[in-house]
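Summary of structural features
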Amino acid sequence: MRSGLRRAPLLSFALAMDAERRYDPAEIEPRWQRVWAEEGTWEVANDATDQRPASYVLEMLPYPSGEPHIGHLKVYSVGDAVAHFHRRTGRRVLHPMGYDAFGLPAENHAIATGVHPRDSTAAAIESFQKQFRRWGISIDWTREFGTHEPRVYRWTQWIFLELFKRGLAYQKQAAVNWDPVEETVLANEQVKDGRGERSGALVEVRQLTQWFFAITEYADRLLDDLVGIRWPEHVKTMQRNWIGRSEGAQVTFACDDLGTEYPVFTTRPDTLFGATFFVMAPEHPDVLRLAEGTGREQAVAEYVNRALIADKQLRGDADKPKTGVALGRTVTNPVNGEQLPMYVADYVLMEYGTGAIMAVPAHDERDFAFAHAYELPVRRVISDADPDGELPYTGDGPLVNCGPEFDGLPNREALGSIVSWLEGQGTGSASVNYRLRDWLISRQRYWGTPIPIIHCADCGLVPVPDADLPVLLPDVEDYKPKGRSPLAAAEDWVNVACPSCGAAAKRETDTMDTFVDSSWYFLRYCDANNDEAAWDPAAVAQWMPVDQYIGGVEHAILHLLYARFFTKALSDLGHLPAGVQEPFAALFTQGMILRDGDKMSKSKGNVVAPAPLVQRFGADTARCYILFIGPPDQDADWSDNGAEGMHRFLGRLWRLCAEAADELPAEAVPDTIGADDERLLRKSAWAIDKVSSDMGERFNFNTAIAAVMELVNELTPAKRGEAAPGSVRFALGTAASLLSPFAPHVSADAYHLLTGERVWEQPWPVADPALLQAEGFELVCQVNGKVRDRVSAPTGASRDELLALARATPKMRTYIDGHDVIKEIVVPDKLVNIVVRP
RNA sequence: GCGGGCGUGGUGGAAUUGGUAGACACGCCGGCUUUAGGUGCCGGUGGCGCAAGCCAUGGGGGUUCGAGUCCCUCCGCCCGCACCA
């Protein structure tokens, strides 16, 4: 009240005039964006002489479709905050942007409307560019590209050929996942619960010749190198599970009738003596041959046919009763010569291991269920604590029924001995199996990078010569896939001379999975305008690996695994500095923005679009609110009111700075300070410390922003008290400075009004340690662990002093007097707890 | 089934190592100023109770002087994998 009443009439008049100078993001934001664009503020050179540490901050590149949605606003708000913070803490920061521009939605749109995917993609990219600029994201736009541009996919093709030349890209016939809606094959990673990830259609298994990348060759390295990267533990776990390494043994069972041998993979060679039957997958190529001449032919053929056409998902259900039929043959158990009856059953999968298993019903639940259903013998070979305990028993114990050589050995020890024994006999060896399979990259679709291979009747698979790259995507009339790639219809394009022998030959018509494009785009940013090479290794050496990668957890397996594989393979091929083995040194996965607890989706009609939001409140408000709503790695529920609150806060900060710039003399913090000065300076130091640690050590932007709010709350004219103008200006400047990674425009404007300086050119503030050290604190006084009183006490007071203070207060006396004190606990600078006998 | 995460006011959330539960904000209530109105400013706001106080972090139990935090157990929600031999 006092300061308000003291104001002269002239000042109120000035205030009334100021009322028109309200916080106006529509004016502020474009003005600063223009400065940054004209000066190329966020551009960074590949300058090896720059002594500042390099920092590569990258958000997952967007798939350009329609308009950016709220998830884009979140990921780029998080990434931009990191980029700004890194810059202001003395690093030179690479923060680029591009577009994952090939893909099915644009192509499906083309099928529906006839609009070329190139045109719809260009339109989407334009609207993304517009929004990103409108949001004021600090991007080095000189490095921008789309993966659909020939100058980029030329190098995607080059990488393919490099992998091809080293045998890491190859063609094979295999049982593959066919999506009947998208009419293309899919990688295993793109099939969820037996359904195509995009279309939701049940996938069919087809035998087709397709292109693969040999990611399984890198299984162990992909597994081992997870320990060295700073990724969320659950993402690492998902990758480990996906790779699915298991150690065990390969054991060979011979079928003497046919003179054939069948290896099986088992993680439990210690149970080999307990094998009582043998099972093959319905897809196993020998199944029909085995049944031949046994009288079982028809039963087997019927079972196999039924299994092959059955729903893949239903078949995979572990609760489904076990079914199968006998093959009428036996195999020999190599450890004891027993003849084991052979079965075909759909609980054995062709894709894992060898497509055949030894069945040990006593110690495996699935084998037990099968044995139970078909009344097969069950033989215990591992003793339980209770020797007659229930079977199947999957725990550990000493071996029984395994012959004099192994009986009595603890099963885990016996495991090694049995494998050695098998090795000696030539019937088995230690072996490792993976769940991971090679990455199927062919797509029978139009809008992707053409595979640069020519099929020649004489020469076979011939790589397109480097001079002929890029193989440009031809224009076609009809984008609709008809069980083959739409490219096959472009006959002028398909028919070429073999580069090797000159004879008539045909181009490969499949395109690559778009995940191939996103497996190396982060390398291209390092040297985005290089026409001579995909990148200069020296440029890559300056920036890679990405210091902070940010994106959605939905890519935990697909993109993040493929990119790791590419990085290792390209490093092995000598195209990357040897030290670059991992693409992303640190990963942050942001949560989704929900609406009323639900995912936003057009069909639910609960979508919050960023554009109207930014239009209404400004980019700073939208960005800050989205960071303030909760910890960025968690899902968060959207609230319109919350955005309004953030807008009020930014307005208050801006107004306080503008008023201070007008009304308070531009003085420094005085040498001798009063209590109110000290309070503001201490609060400033506290906020600097809090924001710095929230930014640097964790990504707690919500609490960082809350700390700035607390600081600003101390700075309203009514709360400033007698603080000197210099102190107020310092504290306001600190608030603007601390907020700049989240709200770059209003911070720049407020800071400039206050100081005439550019906030983004200022080093990150450092708290004065003397001001962080409080000189007094509120001593919490407890009796039996319950708070009974609080008194002020000097920092660093001794144990006895604190006890004396606590015991002296009247309230404490009422709880202590007349009771025996059993124990006194003192936590320095915090609390005293006096334990009394009740 | 296996693995991981989560559960705190009317709401979003805070509480770095066990030490004042509910920072900051939304919403709501009251007041002031100004206005045509939004805006702005000040104060209040977990529940019960007149108060002293008691109760409160999904439920139950435990360890401890002290538990949102550690342990056991149960319930609920979310995510990933799943007949992987």
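The rules behind these values
Residues numbered from 1 in each chain as written. Chains lettered and ligands numbered in written order. Predicted model: local features only at pLDDT ≥ 70, side-chain atom pairs only at ≥ 80, totals over all residues. Heavy atoms only, no water. Core = buried A, V, L, I, M, F, W, Y, C linked by side-chain atoms within 4.5 Å. Buried < 20%, exposed > 50% of the residue type's maximum accessible area, 1.4 Å probe, protein only. Contact = heavy atoms within 4.5 Å. pLDDT = per-residue confidence, 0-100. Salt bridge = Lys/Arg side-chain N within 4 Å of Asp/Glu carboxyl O. Helix = DSSP H or I, 4+ residues; strand = E, 2+ residues; numbered from the N terminus. Patch = residues over 30% accessible without salt bridge, like charges linked within 9 Å, V, L, I, M, F, W, Y side chains within 5 Å. Areas by Shrake-Rupley, 256 points an atom, 1.4 Å probe, with all protein chains shown as cover. Lys, Arg positive; Asp, Glu negative; His and termini not counted. Charge placed at Lys NZ, Arg CZ, Asp CG, Glu CD. Expected span 1.5 Å × (residues − 1). Pairing = 2+ DSSP bridges. Axes fitted to C-alpha atoms, helices over the stretch in contact; angles between N-to-C directions. Near = heavy atom within 4 Å. Polar contact = N/O pair within 3.5 Å; in protein donor to acceptor, adjacent residues only side chain to side chain. Nonpolar A, V, L, I, M, F, W, Y, C, P; charged D, E, K, R; others polar. Phe/Tyr/Trp six-rings, centres within 6.5 Å; stacked < 30°, edge-to-face > 60°. Lys NZ or Arg CZ within 6 Å of the ring centre and 35° of its normal.

Time to look at the nonpolar core. Among the nonpolar cores identified, the biggest contains 93 residues, and Tyr-56, Phe-160, Phe-213, Trp-439, Phe-522, Trp-535 and Phe-566 are the most heavily contacted of them. Discounting residues that sit within four places of it in the chain, Trp-439 has contacts with Ala-187, Trp-211, Phe-212, Phe-213, Ile-215, Asp-513, Phe-515, Val-516, Ser-519, Tyr-562, Phe-565 and Phe-566. By size, the runner-up hydrophobic cluster in this structure holds 88 residues, among which are Val-75, Ile-593, Ala-622 and Val-691.

On average, residues of chain A score 90 in pLDDT, and 97% of them reach the 70 mark or higher. Contacts of residues 1-20 to residues separated by more than four positions or lying in other chains number 10 contacts, the stretch itself having pLDDT below 50.

Moving on to the pattern of salt bridges. Per the counting criterion, the structure on display carries 40 salt bridges. Among the salt bridges present, the one from Asp-475 reaches Arg-118, with a minimum N-O distance of 3.1 Å. With Asp-475 in the loop between strand S20 (460-463) and helix H15 (491-494) and Arg-118 in helix H6 (residues 117-135), this residue pair connects regions lying 357 residues apart in the sequence. Take Asp-475: its relative accessible area is 52%, and that puts it in the exposed class. By relative accessible area, Arg-118 is classed as partly exposed at 38%. The closest approach of N and O atoms between Arg-813 and Asp-817, which form a salt bridge, is 3.1 Å. One connected set of salt bridges, linked through shared partners, spans Asp-225, Arg-564, Lys-568 and Glu-582.

Taken together, the side chains of Arg-22, Arg-648, Arg-652 and Arg-655 define a basic patch exposed on the protein surface. Mapped onto the elements of the fold, Arg-655 is located in helix H22 (residues 640-663). For Arg-655, a relative accessible area of 38% puts it in the partly exposed group.

With that settled, the discussion passes to the side chain of Thr-449. Locating Thr-449 in the fold gives a position in the loop between strand S18 (442-443) and strand S19 (453-456). Assessed through its relative accessible area of 0%, Thr-449 is described here as buried. Beyond its immediate chain neighbours, meaning those up to four positions away, Thr-449 contacts Phe-102, Tyr-153, Thr-156, Gln-157, Thr-511, Met-512 and Asp-517.

For helix H24 (residues 701-713), spanning 13 residues, the distance from its first C-alpha to its last is 18 Å, which sits close to the expected 18 Å at 1.5 Å a residue. By the burial criterion, the buried members of H24 are Phe-701, Asn-702, Ala-704, Ile-705, Ala-707, Val-708, Met-709, Leu-711 and Val-712. Here the buried face of H24 lies against helix H4 (70-88), helix H21 (619-628), H22, helix H23 (675-696) and helix H26 (725-739).

Taking strand neighbours across the sheet as the criterion, the 4 strands line up as S30-S29-S32-S31 in an open arrangement whose pairing is mixed. Both edges of this open sheet fall to strand S30 (786-794) and strand S31 (821-827), since each of them pairs with a single strand only. Adjacent strand axes in the sheet meet at a mean angle of 20°, parallel and antiparallel pairs treated alike. Of the strand pairs in this sheet, S31 and strand S32 (residues 831-836) are connected by 6 bridges, and their pairing is antiparallel. Directly across from Glu-824, in S32, lies its bridge partner Ile-834. In the packing of helix H29 (residues 799-808) onto the sheet, the strands contacted are strand S29 (776-783), S30, S31 and S32, and the crossing angle to S31 comes to about 120°.

As a general point, the strands of a sheet are linked pairwise by backbone hydrogen bonds and lie either parallel or antiparallel. Strands sit in the order S20-S19-S22-S21 across an open sheet of 4 strands; the sheet is antiparallel. Here the strands that pair on one side only, and so sit at the sheet edges, are S20 and strand S21 (495-497). Taking each pair of neighbouring strands and ignoring which way they run, the sheet shows an average axis angle of 40°. Pairing of S19 with S20, which is carried by 4 bridges, proceeds in the antiparallel orientation.

Time to look at the protein's contact with RNA strand B. The local shell around RNA strand B holds 57 residues, among which Thr-267, Lys-322, Arg-366, Arg-790 and Asn-833 are the closest. Within 4 Å of the protein, the contacting atoms of RNA strand B are drawn from sugar and phosphate to the extent of 64%. In the environment of RNA strand B, a sugar or linking oxygen lies 2.9 Å from a nitrogen or oxygen atom belonging to the side chain of Thr-266. Elements with a minimum of two residues in the surface near RNA strand B: helix H9 (233-243), strand S11 (260-266), H22, H24, S29, S30, S31 and S32. Tallying contributions element by element places H24 first for the surface near RNA strand B, with 6 residues. The residue inventory of the surface near RNA strand B, partitioned by class, reads 20 nonpolar, 15 polar and 22 charged.

The next subject is the packing of aromatic side chains. Counted by the stated rule, this structure contains 47 aromatic pairs. On the numbers, 5.7 Å between centres and 85° between planes, the contact of Trp-36 with Trp-760 is edge-to-face. Taken together, the residues span a long stretch of sequence, with Trp-36 in helix H3 (residues 25-39) and Trp-760 in the loop between helix H27 (744-755) and helix H28 (769-772) at a distance of 724 residues. The exposure classification of Trp-36 matches that of Trp-760, with both residues buried. Centroid distance Phe-515 to Tyr-562: 5.8 Å. Interplanar angle 65°. Geometry classified as edge-to-face. Here Tyr-562 lies in helix H19 (residues 558-572) and Phe-515 lies in helix H16 (residues 514-517), a separation of 47 residues in the sequence. Exposure remark for Phe-515: the relative accessible area of 14% places this residue in the buried category. Through successive ring pairs, a cluster of aromatic residues spans Phe-160, Phe-164, Trp-211, Phe-213, Tyr-218, Trp-439, Phe-515, Tyr-562, Phe-565 and Phe-566. Against the face of Trp-543 rests Arg-92, its NZ or CZ located 4.7 Å from the ring centre. Residue placement shows Arg-435 over the ring face of Trp-242; its charged tip is 4.2 Å from the ring centre.

Turning our attention to unusual backbone geometry. Cis peptide bonds are those with omega within 30 degrees of zero, and the linkage from Leu-391 to Pro-392 qualifies with 0°. Looking at where Pro-392 falls in the secondary structure, it is placed in the loop between helix H13 (365-374) and helix H14 (411-425). That bond from Leu-469 to Pro-470 is cis: its omega, 0°, falls within 30 degrees of zero. Look at Glu-375: it is not a glycine, yet its phi comes out positive at around 50°. Its location among the elements puts Glu-375 in the loop between H13 and H14. Look at Glu-375 and you get exposed, because its relative accessible area is 74%.

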